[in-house]
Amino acid sequence: MDSRAIIEHIRKAKKVTPCKAYIQWNETGQSKKRAVLLLREALPECRVFDCGSAAVVFGEYSEIEEALSRLSSSIQYSEVEASARNSALPLLDIKKLNARIEPGAIIREYVSVGEHAVIMMGAIINIGAVIGARSMIDMGAVLGGRAVVGRDCHIGAGAVLAGVIEPESACPVIVEDEVFVGANAVVIEGCRIGKGSVIGAGTVVTGDIPPHSLVVGVPGRIVKTLRRDETVAKDIIRELREL
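My aim in this report is to walk through the structure given alongside it, one point at a time.

Cut-offs applied
Residues numbered from 1 in each chain as written. Predicted model: local features only at pLDDT ≥ 70, side-chain atom pairs only at ≥ 80, totals over all residues. Heavy atoms only, no water. Patch = residues over 30% accessible without salt bridge, like charges linked within 9 Å, V, L, I, M, F, W, Y side chains within 5 Å. Areas by Shrake-Rupley, 256 points an atom, 1.4 Å probe, with all protein chains shown as cover. Salt bridge = Lys/Arg side-chain N within 4 Å of Asp/Glu carboxyl O. Helix = DSSP H or I, 4+ residues; strand = E, 2+ residues; numbered from the N terminus. Buried < 20%, exposed > 50% of the residue type's maximum accessible area, 1.4 Å probe, protein only. Core = buried A, V, L, I, M, F, W, Y, C linked by side-chain atoms within 4.5 Å. Contact = heavy atoms within 4.5 Å. Pairing = 2+ DSSP bridges. Axes fitted to C-alpha atoms, helices over the stretch in contact; angles between N-to-C directions.

Here we come to a nonpolar patch on the surface. Taken together, the side chains of L91, I106 and I124 present a nonpolar region at the surface, about 260 Å² in accessible area. With respect to the helices, strands and loops of the structure, L91 is situated in the loop between β4 (75–82) and β5 (100–101). Here L91 falls in the exposed class, since its relative accessible area comes to 53%.

And the structure:
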């Protein structure tokens, strides 16, 4: 997706505050069943689960709050948890991805995840990002909007690939195939990292990097051109990407 398409999608999207509500009834028997029926009638767009003496509801905050107020005489107590506020973008449905996604990863809608990719705990992947086959996004790494990671890459823990949704004219970060980005490195918007390059831990990349380069420092500087047998592509462990 280009920046304009993302901007228009966010602008037009219905802003939602998704919630989960836990309700403990003070009613029993037929009165409780009547309360559950009234709750479902009041929340036709929500999912209501009857758990006996309690109910669990998934839906929009404003609708749930109104229903709880209307049924307050039947409720002993309730708790409402919100996962976002006025959110324009849901998270990506990861259930059928042919990739390994560990708990705590946050992946927005319209992210492309390649076959046998690995996304570790705490990674944050924004809208429009692309992750190539067998690439690993390590713990706490951030891929901003429209960032592109090629195949067989490793983006180290805490690394940041800057996002570009605004300004519209900005180019995204592009990481070509077989690149290793060290922990806590930062690649600013518009930079392209050539195939087979290695970006050292903590490096800040401020410009394009040619293929097979070793880059270190702040700002990043090329200290060596890597031979084919020196690139880290050979160190990609396929067993970690098996499903």
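Back to the write-up after that little detour.
Ranked by size, the top nonpolar core spans 32 residues in total, and within it I125, I137, L143, I155, L161 and I193 carry the most contacts. If near-sequence neighbours (up to four positions away) are discounted, I193 is found in contact with I174, V175, E176, V179, V187, I199, V205 and I209. Counting 17 residues, the second-largest nonpolar core is a separate cluster that includes C19, A21, L39 and L71.

Moving on, we come to unusual backbone geometry. For the bond from V218 to P219, the omega torsion is -5 degrees, close enough to zero to count as cis. Along the chain, the position of P219 falls in the loop between β22 (213–216) and β23 (221–225). Phi angles above zero are rare outside glycine, and R134 is one such case at about 65 degrees. Mapped onto the elements, R134 comes out in the loop between β10 (130–131) and β11 (136–137). We note that R146 has phi near 70 degrees; this positive angle belongs to a residue other than glycine. For R146, the location among the structural elements is in the loop between β12 (142–143) and β13 (148–149).

As a further point, take the pattern of salt bridges. One pass over the structure, following the stated rule, counts nine salt bridges. Across the salt bridge formed by D152 and R134, the nearest N and O atoms sit 2.7 Å from each other. A residue pair is termed long-range when its members are at least 10 positions apart, and D152 in the loop between β13 and β14 (154–155) and R134 in the loop between β10 and β11 qualify at 18 residues. A salt bridge links E176 to R192; the shortest N-O distance between them is 2.7 Å. Taken together, the positions of E176 in the loop between β16 (174–175) and β17 (180–181) and R192 in strand β19 (residues 192–193) put the pair 16 residues apart, joining distant regions of the chain. Residue class for E176 comes out partly exposed when judged on its relative accessible area of 22%. On the accessibility criterion, R192 (39% relative accessible area) is partly exposed. Ionic contacts of the salt-bridge type, sharing partners, join the residues R4, E8, R11 and K12 into one network.

Right, let's talk about the sheet that holds β11 for a bit. The strand order across the open sheet formed by eight strands is β5-β8-β11-β14-β17-β20-β22-β23, and the pairing between neighbours is mixed. Edge positions in the open sheet fall to β5 and β23, since each of these has one partner strand only. Note that β17 and strand β20 (residues 198–199) share two bridges and pair parallel. Each bridged residue has a counterpart across the sheet, and for V181 the counterpart in β20 is I199.

Taken in spatial order, the four strands make up an open sheet running β2-β3-β1-β4, and their pairing is antiparallel. Among the strands making up the open sheet, the edge pair consists of β2 (47–50) and β4. Averaged over all pairs of adjacent strands, the angle between strand axes in this sheet comes to 15 degrees, irrespective of strand direction. In terms of strand pairing, strand β1 (residues 18–25) meets β4 through seven bridges, oriented antiparallel. In the strand pairing of β4, Y22 is matched with E79. Contacting β1, β3 (54–60) and β4, helix α3 (residues 61–70) runs over the sheet at an angle of about 140 degrees to β3.

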